[in-house]
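Spelled out, the chains give:
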Amino acid sequence: MQRRRPLTAALLPVVALAALLGAGLLGPAATTGAVDATQRTDRSAVPVPDLPGVPVATVTAPIAAPKRDKRLVRLINAARRDRGLRPVRVVAALTHAAALRSMVNATTTALVHDPALGATASKAGCRWTRVGENIAVQPATAGAKAIFNAYRRSAPHWAIILDRGFRQVGSATLVAGAQAWNTVKFANGC
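In this text, all values refer to a predicted model and were calculated from it rather than measured experimentally. (Residues numbered from 1 in each chain as written. Predicted model: local features only at pLDDT ≥ 70, side-chain atom pairs only at ≥ 80, totals over all residues. Heavy atoms only, no water.)

Brief notes about the pattern of salt bridges
- Evaluated as defined, the whole model comprises three salt bridges.
- In this structure, Arg130 engages Asp163 in a salt bridge whose closest nitrogen and oxygen atoms are separated by 2.9 Å. Of this pair, Arg130 sits in the loop between helix H4 (117-123) and strand S6 (131-139) while Asp163 is found in the loop between helix H6 (155-161) and strand S7 (168-176), placing the two residues 33 residues apart along the sequence.
- Residue classification places Arg130 among the partly exposed residues on the basis of a relative accessible area of 30%.
- With a closest N to O distance of 2.6 Å, Lys185 and Glu133 form a salt bridge. Of this pair, Lys185 sits in strand S8 (residues 179-187) while Glu133 sits in strand S6, and the two are 52 residues apart along the sequence.
- On the basis of relative accessibility, which here comes to 3%, the residue Lys185 falls in the buried class.
- Here the residues in one salt-bridge network are Asp114, Glu133 and Lys185, joined through shared partners. (Salt bridge = Lys/Arg side-chain N within 4 Å of Asp/Glu carboxyl O. Helix = DSSP H or I, 4+ residues; strand = E, 2+ residues; numbered from the N terminus. Buried < 20%, exposed > 50% of the residue type's maximum accessible area, 1.4 Å probe, protein only.)

A few points about the state of the cysteines
- Within the structure shown, the criterion is met by one disulfide.
- The partner cysteine of Cys126 in its disulfide is Cys190, sulfur to sulfur 1.8 Å. Disulfide Cys126-Cys190: the torsion about the S-S bond is 90°, which places it as right-handed. Remark: Cys190 occurs in the segment after S8 and Cys126 occurs in the loop between H4 and S6; sequence separation between them is 64 residues.
- Exposure remark for Cys190: the relative accessible area of 28% places this residue in the partly exposed category. (Disulfide = S-S within 2.5 Å.)

Below, the structure written as C-alpha cells:
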C-alpha cells in the first residue's frame, strides 16, 4: 500500500493552476463519472500564461495507477487497429504531461482541460502539428475498461481516439479519495 505524502511547491508544478483559479478562469466540474468535451488544437495554440509570484499550498499527492493506464492504451490501440488505424506509441514526455494535468484536476477536484495544450506538447519536446486531450473522472474503483467505455460513449472523445493524425499518446490516471482522474494526451511529431 502506498502512503500519501505532502508535496511542496518545489515538487508540484501546479503554479499555473493557482493563478487560473485566482483569476476565476477555472471553475468546478461534475466529479462523478464525468467525461468532458474534448480539446483539440492546431499549431496556433494558446500561449502559456505568465504567473510570477503565485503561491502554491502544500497538498496531499494522489496515487498513480500505471497499470490502469497501460491497459487503457492497449484498449485504445485495439480500437484503432479494429478500424484499420495505426496504433499510437506511448511517449514518456506526454505521459508526464498527462500526469501533471491529472494532478491539477485531482487536487482541485475540477475537470478542466490544459489551457495551454499546444505549449505543453512543445515543452514535452514534440514538434507537433496536431494535439488532442481527453479527460475524465470516474469512481476510484473504475478500471481502464470503464474509463475507455466512458470515452467510447462520447462522440468527441471517440473522435480524438480514432483520429488518424495522432501517432503518440500519454495516459495518466491518479486516484485521489474516491475518484480516479484520467488524462490522455495525443500528438504527432513527438
